[in-house]
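Structural characterization, general
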Amino acid sequence: MSDNSSNQMWGGRFAAGPDAIMEAINASIGFDKRLAAQDIAGSRAHAAMLAATGIISDKDAEAIREGLLTILSEIEGGSFTFSTALEDIHMNVEARLKELLGEPAGRLHTARSRNDQVATDFRLWVRDQIDAADEGLTALIRALLTQAEAGADWVMPGFTHLQTAQPVTWGHHMMAYVEMFARDRSRLRDARARMNESPLGCAALAGTGFAIDREMTARELGFDRPAANSLDAVSDRDFALEFLSCASICAMHLSRLAEELVIWSSAQFRFVTLSDRFSTGSSIMPQKKNPDAAELLRAKVGRIFGANVSLMMVMKGLPLAYSKDMQEDKEQVFDAADSLMLALAAMEGMVRDMSANRDALRAAAASGFSTATDLADWLVREAGLPFREAHHATGSLVAMAEKAGCDLPDLTLEQMQSVNPAITEGVYDVLGVDNSVASRTSYGGTAPDQVRAQIARWKEIVG
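Residues numbered from 1 in each chain as written. Predicted model: local features only at pLDDT ≥ 70, side-chain atom pairs only at ≥ 80, totals over all residues. Heavy atoms only, no water.

1. Here we look at the overall build of the protein chain
Helix and strand content of the protein chain: 19 helices and eight strands. Relative to the 2.2 N^0.38 estimate, which gives 23 Å for 463 residues, the radius of gyration of the protein chain is 31 Å and therefore markedly larger than a compact globule would have. On the principal axes, the C-alpha backbone points of the protein chain span a range of 100 × 50 × 40 Å. The burial tally for the protein chain puts 50% of its 463 residues in the buried class. As displayed, the protein chain has an accessible area near 21500 Å², and 52% of this comes from carbon and sulfur atoms. The positive charge centre, built from 45 side chains, and the negative charge centre, built from 63, are 1 Å apart in the protein chain. (Helix = DSSP H or I, 4+ residues; strand = E, 2+ residues; numbered from the N terminus. Rg over C-alpha atoms; globule rule 2.2 N^0.38 Å. Buried < 20%, exposed > 50% of the residue type's maximum accessible area, 1.4 Å probe, protein only. Areas by Shrake-Rupley, 256 points an atom, 1.4 Å probe, with all protein chains shown as cover. Lys, Arg positive; Asp, Glu negative; His and termini not counted. Charge placed at Lys NZ, Arg CZ, Asp CG, Glu CD.)

Here it is, written out as structure tokens:
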């Protein structure tokens, strides 16, 4: 089949064919050929339904089924020739089917339109991508759980404003990302449930006069039900927008973790060592080990954000039902899905392979007056001070330690009592970083026992 095919498949009005510019702007086969498997699955389900309802013969339906399987095999094997003149995946498949079968091929399009056909194909494709992203997120969550379990009691600094705040554990930090990526997985699953309705049978926009069985085709394609309004079904792209929205939030989480890996792997932090598989050397500086995978991941999220905005712009001014603008719905979604899957795979690999530097984490946790809040809490709990007064006293002690060039645990009891005489020797029990993290026993806190409980809960959830 060549681009010079005289079969325009549009009917007499367009028999002369579009000129080169119109052909270029009108054709989508360059990208929507990715829908081939979904298009053929939808056509097989439609043909089976047409036969079951007596609209076409069983003989024609069987010929169509075999022809579609042949075409799928050709596409998967790389021998299928895609034609720009035939515009899209639907027309390319139908033209090849006609070459294979002759007249019976023309019966396939009974009681449907390209409008409900593409809406079905695209919905099936996005659903497949959600399932793939779900698997990618699950793998990443498992990698984070492995890291968290290994370092459930490893002390590290917790930050606010990227300034040392309070000691936390490595396990607690890893589990924060488990929660984030689990929400991403939950959002995708919610989106999948909402989008799992079949547009097939809605035809161009108004349904069809043929006695079709939309429940049958919906069931065959794994949908929960047929879409209830034909106008909405052919013009709806909420499912793609919701996928892009979920992907954007997930990409933001991936970027935040990528940023931390870039910072943590620097010579100034040395919190983690990334494997050579996800790093590169410098062309001129032999000592360098660059976290390129994390940096590229951090940048790729912009493509996903951009796709979300782009599709919103396409859809925002369209009246019901179908407009040709909607042909611009796929490239952005395809690119965003590719970027998301690559980012998930890269992050899972980086997390699984990285090594945390326990000594550097602990040394950093013990610096920067990270137990100041513990001191303030002790003054409230043991000395009976109002919190604001305890806060002020702790600030004075931090200033004293800064002036002396030491940390809070290094101050003598006499120095501490010069600020508040109610301070006793017992204060040193809360100033160590291990004591600090162990004391944070509230639900969701950083105490190792709490962290291990959350690890056990999530391991049970993800299996």
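2. Re unusual backbone geometry
Following L320, the chain continues into A321 via a peptide bond in cis, with omega recorded as 10°. Even without being glycine, L162 reaches a positive phi, approximately 60°. The residue L162 is located in the loop between β1 (155-160) and β2 (163-169) in this model.

3. Considerations on the packing of helix α7 (residues 170-195) against helix α19 (residues 448-462)
Interhelical geometry of α7 versus α19 gives an angle of 30° and a closest axis separation of 10 Å. Taken together, the axes of α7 and α19 lie roughly parallel to each other. Crossing of α7 over α19 shows left-handed handedness. Facing G171, H172, M175, V178, E179, A182 and R185 of α7, the residues of α19 in contact are V451, Q454, I455, R457, W458, I461 and V462. Of the residues that constitute the contact of α7 with α19, the class distribution is eight nonpolar, three polar and three charged. (Axes fitted to C-alpha atoms, helices over the stretch in contact; angles between N-to-C directions. Parallel < 35°, antiparallel > 145°, perpendicular 65-115°, else oblique. Left-handed = near helix turned anticlockwise from the far one by under 90°. Contact = heavy atoms within 4.5 Å. Nonpolar A, V, L, I, M, F, W, Y, C, P; charged D, E, K, R; others polar.)

4. Remarks on a nonpolar patch on the surface
On the surface, a nonpolar cluster with roughly 270 Å² of combined accessible area is contributed by L205, L231 and L320. Relative to the helices and strands, L320 is located in the loop between α11 (292-315) and α12 (330-353). L320 gets classed as exposed once you look at its relative accessible area, which sits at 63%. (Patch = residues over 30% accessible without salt bridge, like charges linked within 9 Å, V, L, I, M, F, W, Y side chains within 5 Å. Salt bridge = Lys/Arg side-chain N within 4 Å of Asp/Glu carboxyl O.)

5. Re the environment of L385
Tracing the sequence through the fold places L385 in the loop between α14 (372-381) and α15 (387-404). Residue classification places L385 among the buried residues on the basis of a relative accessible area of 9%. On a C-alpha basis, the gap between L385 and A422 in space is 9.2 Å, while along the polypeptide they are 37 residues apart. Apart from residues no more than four positions distant in its own chain, L385 is found in contact with L379, V380, A390 and N420.

6. Concerning α11
With 24 residues, α11 ought to run about 34 Å at 1.5 Å a step, and its terminal C-alpha atoms sit 36 Å apart, in line with that. Among all positions in α11, only A293, A294, L297, V301, I304, A307, N308, L311, V314 and M315 are buried. (Expected span 1.5 Å × (residues − 1).)

7. Examining the pattern of salt bridges
Counting across every chain of the model gives 29 salt bridges. Its salt-bridge partner being D338, residue R34 comes within 2.8 Å of it at the nearest N-O pair. Taken together, the positions of R34 in the loop between α2 (29-32) and α3 (36-52) and D338 in helix α12 put the pair 304 residues apart, joining distant regions of the chain. Classification of R34 by relative accessible area gives partly exposed; the value is 36%. Judged by its relative accessible area of 39%, D338 falls in the partly exposed class. With its nearest N and O atoms 2.6 Å apart, the salt bridge here joins R189 to D134. One end of the pair, R189, is in helix α7; the other, D134, is in helix α6 (residues 114-150), with 55 residues separating them in the sequence. D134 gets classed as buried once you look at its relative accessible area, which sits at 13%. Among the ionic contacts, a cluster of salt bridges with common partners joins D60, E103 and R107.

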